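The primary structure of each chain is shown beneath.
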Amino acid sequence: MLSISEFRRNTNGNVAIIFAVSLMALLAAIGAAVDYTDLEKRHSALQNASDAALLAAVSSGETELKDLRVVAENVFEENFQYKEEEALRKFDLKIENKNMLALNARLEKPTYFMKLFGNPTVYADVDTAGYLQSSAPLDIALVLDRTGSMAGTNLAGLTTAATQYISDLEADNKDVRIAVIPFSNYVNVGVNHADTSWLDLPVSSGLGSDVNCSMDNISSSSCPVPTTQPQGTTTVTTTTEVCGGTTTITTVTSGPSGTSTSISSSSTGPTGPCTTTTTTSNGTTSTWSDVFASTSGGFCTFSSDPTESSGSLIEECRPARLNENWFGCVGSRPGPYNVQAKLSGQKFPPVYNRTCGQPMTQLSSSLAGARQTISSLTASGGTYIPSGLQWGWRVLDPDLPFEIKGPKKRDKLLILMTDGENTQSQSGSSHEGRDHAVANALTQKLCDSIKADDINIATVSFSNGGNPANSQLLRSCASTPTLSFTATNAQSLKRAFESATDQMNEVRLIR
């Protein structure tokens, strides 16, 4: 008999014990690999059956969750073959974000080898989702960047893409209403709204139809530094403006102080876009602005912002009445009204003595107005995305200020297109601040509020022939990743508009 100390020193049989332990570990690893390979196959089968069930439900035309569940469960059972002792432990179907159907399923299956080591079951989980098919008519708000950086090829590409997009919608004979909201620092709501109850415009204010203009050529898309003439010098500038068939001759005289003291101009004609050419002797103090026509005849518009520019023409325009001359531009209400669409008893503040481009077009099933607005777009001003979002939201809202309603439920889509990021921020009721972080935070808050109001948002980062801004803000603003686009030419911009529209009725999986 061995003593205890001798037993401890005896190594006979150690190899057998080590081999036995190693063999058990090896068998466990092989068994786990077999079980998990089978689990992966069952996971794939579960995913396919769940996808088929979800697609059937979203395309069924049903809108009530209980009815959607019946469709999904029936199709799932038709497509999934259970193996012995398998059990479906979860089949969770729910509606998210008001028009997205999501399905989460869990399958429990027994193990073959792992149960020998205390793990008798494993689980396969899948998640799939898609938008409910909608047969509802569609309202679209095109919120389009018309800032100074859009001048030239960007604006040309936008005009081509948007015009073709609207023409195709018209040809498809779809039940669609479109609004166009051009934006820069501000949005022009139109001087025709001067007497509305929602605008804080005194009766005494002028409507900005009497403006004197002079033009100057430049070689770049940025404004020159304002210049003055030597004391006692007279400068003559001859400007030919073709505005609805009307020619205007402008003479600018520099007085003793070296600044313009008299600017005379005449312009009449039917409503319509203006085109301009100019010849200049000597330099003049110039500030870019837009040229278009009012309901009372052709007129030039005014800007006090020397950073506004477009193409090779610079324009100096001064309202005949510098006090309270309103051209349709509207600023922002204080918080929290600046993240609300509805009037809510807080009127919208006008911005005097400056312009902000072509007036917006309200929702209409007649797409001719939208097409005309797009064809006459001009480019000037800084970028303030909240302004475009605010008025894009308001044209889709059925209540004041516009009260656009329909006889039946309509889906709503806001398409935001920009070639850059915020350069302006709210300062009081104006948008002349430079706090980009504040503007970005307000942009995100507006996007979240708009989406919560059952409006889908698509975003497009655009630069015709260039590199669009890689903006996380635009991606987070979009309702889904598939509604966030980049475009580098007119063709891809048109495709982005079309894809955003198609997704409102397209049956497909989104995850």
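Values in this document were obtained by computation on a predicted structure and should not be read as measured data.

1. Let's talk about the overall build of the chain
Then step 1. Helix and strand counts for the chain come out as 9 helices and 22 strands.
Then step 2. Long-range contacts, defined as pairs at least 24 residues apart, comprise 74% of the intrachain contacts of the chain with a sequence gap of at least 6.
Then step 3. Looking at the chain as shown, the accessible area adds up to about 23100 Å², and 53% of this sits on carbon and sulfur atoms.

2. Things to note about unusual backbone geometry
Excluding glycine, residues mostly carry a negative phi; peptide bonds, for their part, are mostly trans.
Then step 1. Following Gly 335, the chain continues into Pro 336 via a peptide bond in cis, with omega recorded as 0 degrees.
Then step 2. A positive phi is found at Glu 85, a non-glycine position, where the angle reads about 70 degrees.
Then step 3. In this fold, Glu 85 is placed in the loop between helix H3 (65–79) and strand E1 (87–96).
Then step 4. A positive phi angle is found at Asp 454, which is not glycine, with a value near 65 degrees.
Then step 5. Assignment of secondary structure puts Asp 454 in the loop between helix H7 (436–452) and strand E21 (456–462).
Then step 6. We classify Asp 454 as partly exposed; its relative accessible area is 35%.

3. Observations regarding the packing of helix H6 (residues 385–396) against H7
Then step 1. One can describe the packing of H6 onto H7 by two numbers: an axis separation of 9 Å at closest approach and a directional angle of 20 degrees. Between H6 and H7, the angle falls in the class roughly parallel. In this structure, H6 meets H7 at a crossing whose hand is left-handed. The segment H6 lies against H7, with Ile 385, Pro 386, Leu 389, Gln 390 and Trp 393 engaging Ala 439, Leu 442, Thr 443, Leu 446, Cys 447, Ser 449 and Ile 450.
Then step 2. Grouping the amino acids of the contact of H6 with H7 by side-chain chemistry returns 9 nonpolar, 3 polar and no charged.

4. Structural notes on the packing of helix H4 (residues 153–171) against helix H5 (residues 368–375)
Then step 1. Running from amino to carboxyl end, H4 crosses H5 at an angle of 170 degrees, the nearest separation of the two axes being 9 Å. Relative to H5, the element H4 lies roughly antiparallel. Counted together, Thr 159, Ala 162, Thr 163, Ile 166, Ser 167 and Glu 170 of H4 and Ala 370, Arg 371, Ile 374 and Ser 375 of H5 form the full contact between these two elements.
Then step 2. The class makeup of the residues in the contact of H4 with H5 is 4 nonpolar, 4 polar and 2 charged.

5. Describing the pattern of salt bridges
Then step 1. Enumeration according to the criterion identifies 14 salt bridges in this entry.
Then step 2. Across the salt bridge formed by Asp 139 and Arg 410, the nearest N and O atoms sit 2.7 Å from each other. Of the two residues, Asp 139 sits in strand E4 (residues 138–145) while Arg 410 sits in the loop between H6 and strand E18 (411–418), which places them 271 residues apart along the sequence.
Then step 3. We note a salt bridge from Lys 342 to Asp 397, for which the minimum N-O separation is 3.0 Å. With Lys 342 in the loop between strand E15 (326–330) and strand E16 (350–352) and Asp 397 in the loop between H6 and E18, this residue pair connects regions lying 55 residues apart in the sequence.

6. Description of the sheet that holds E16
Then step 1. The strand order E6-E15-E16 describes an open sheet built from 3 strands, whose pairing is antiparallel. Edge strands, defined here as strands with exactly one partner in the open sheet, are strand E6 (187–188) and E16.
Then step 2. Bridge count for E6 against E15 is 2 bridges, and the pairing is antiparallel. The residue of E15 that forms the bridge with Val 187 is Val 330.

7. Topic: H7
Then step 1. The end-to-end C-alpha distance of H7 is 24 Å, a good match for the 24 Å that 17 residues give at a rise of 1.5 Å each.
Then step 2. The inward-facing, buried residues of H7 contact H6, E18, strand E19 (425–427), E21 and helix H8 (472–477).
Then step 3. Looking one or two residues beyond H7, the residue adopting positive phi is Asp 454, at roughly 65 degrees.

8. A few points about the sheet that holds strand E2 (residues 100–110)
Then step 1. If you trace the 3 strands from one edge of the open sheet to the other, you get E1-E2-E3, paired in antiparallel fashion. Both edges of this open sheet fall to E1 and strand E3 (121–131), since each of them pairs with a single strand only. Adjacent strand axes in the sheet meet at a mean angle of 10 degrees when their direction is disregarded.
Then step 2. Inspection of the sheet shows E1 paired to E2 by 9 bridges, in the antiparallel sense. Bridge assignment links Glu 96 to a residue of E2, and that residue is Met 100.

9. Let's talk about H3
Then step 1. Between its terminal C-alpha atoms H3 stretches 21 Å, which fits the 21 Å expected from 15 residues at 1.5 Å a residue.
Then step 2. Within H3, burial applies to Leu 68, Ala 72, Val 75 and Phe 76. When H3 is viewed along its axis, its buried side chains cluster within an angular range of 105 degrees and face the same direction. Across from the buried face of H3, at angles greater than 90 degrees, the exposed residues are Lys 66 and Glu 78.

10. Brief notes about the pairing of E2
Then step 1. Of all 11 residues in E2, 9 are buried; the element is thus mostly enclosed.
Then step 2. Two elements, E2 and E3, share 11 bridges in a ladder whose sense is antiparallel. Looking at the pairing, Ala 102 lines up with Ala 129 of E3.

11. What to know about the environment of Asp 411
Then step 1. Among the structural elements, Asp 411 can be located in strand E18.
Then step 2. Taking the C-alpha atoms as reference points, Asp 411 and Leu 138, 273 residues apart in sequence, are found 4.7 Å from one another.

12. Concerning the pairing of strand E5 (residues 176–183)
Then step 1. Counting buried positions along E5 yields 8 of 8 residues, so the element is predominantly enclosed.
Then step 2. The side-chain alternation of E5 yields two buried faces, one formed by Val 176, Ile 178, Val 180 and Pro 182 and the other by Arg 177, Ala 179, Ile 181 and Phe 183.
Then step 3. Summarising the sheet, E4 and E5 pair through 8 bridges and their orientation is parallel. By the bridge assignment for E5, Leu 138 is matched with Val 176.
Then step 4. Crossover handedness for the path E4 to H4 to E5: right-handed.
Then step 5. In this structure, E5 lies alongside strand E17 (residues 361–364), joined through 2 bridges in antiparallel fashion. Counterpart to Val 180 in the pairing with E17 is Thr 361.

13. With respect to the side chain of Asp 145
Then step 1. Summarising the element assignment, Asp 145 is placed in strand E4.
Then step 2. Arg 146 provides the closest opposite charge to the buried, salt-bridge-free Asp 145, at an N-O distance of 7.6 Å.
Then step 3. A polar side-chain atom of Asp 145 sits 2.6 Å from a polar atom in the side chain of Thr 147.
Then step 4. One polar contact links Asp 145 to Thr 418, side chain to side chain, over a distance of 2.7 Å.
Then step 5. Once residues within four sequence positions are removed from consideration, Asp 145 is found in contact with Met 150, Leu 158, Phe 183, Thr 383, Met 417, Thr 418, Asp 419 and Gly 420.

Cut-offs used in this document
Residues numbered from 1 in each chain as written. Predicted model: local features only at pLDDT ≥ 70, side-chain atom pairs only at ≥ 80, totals over all residues. Heavy atoms only, no water. Helix = DSSP H or I, 4+ residues; strand = E, 2+ residues; numbered from the N terminus. Contact = heavy atoms within 4.5 Å. Areas by Shrake-Rupley, 256 points an atom, 1.4 Å probe, with all protein chains shown as cover. Buried < 20%, exposed > 50% of the residue type's maximum accessible area, 1.4 Å probe, protein only. Axes fitted to C-alpha atoms, helices over the stretch in contact; angles between N-to-C directions. Parallel < 35°, antiparallel > 145°, perpendicular 65-115°, else oblique. Left-handed = near helix turned anticlockwise from the far one by under 90°. Nonpolar A, V, L, I, M, F, W, Y, C, P; charged D, E, K, R; others polar. Salt bridge = Lys/Arg side-chain N within 4 Å of Asp/Glu carboxyl O. Pairing = 2+ DSSP bridges. Expected span 1.5 Å × (residues − 1). Arc of directions from axis to C-beta. Right-handed = clockwise from strand over helix to strand, strands pointing away. Lys, Arg positive; Asp, Glu negative; His and termini not counted. Polar contact = N/O pair within 3.5 Å; in protein donor to acceptor, adjacent residues only side chain to side chain.

Interpretation in functional terms is not warranted from these geometric data alone.
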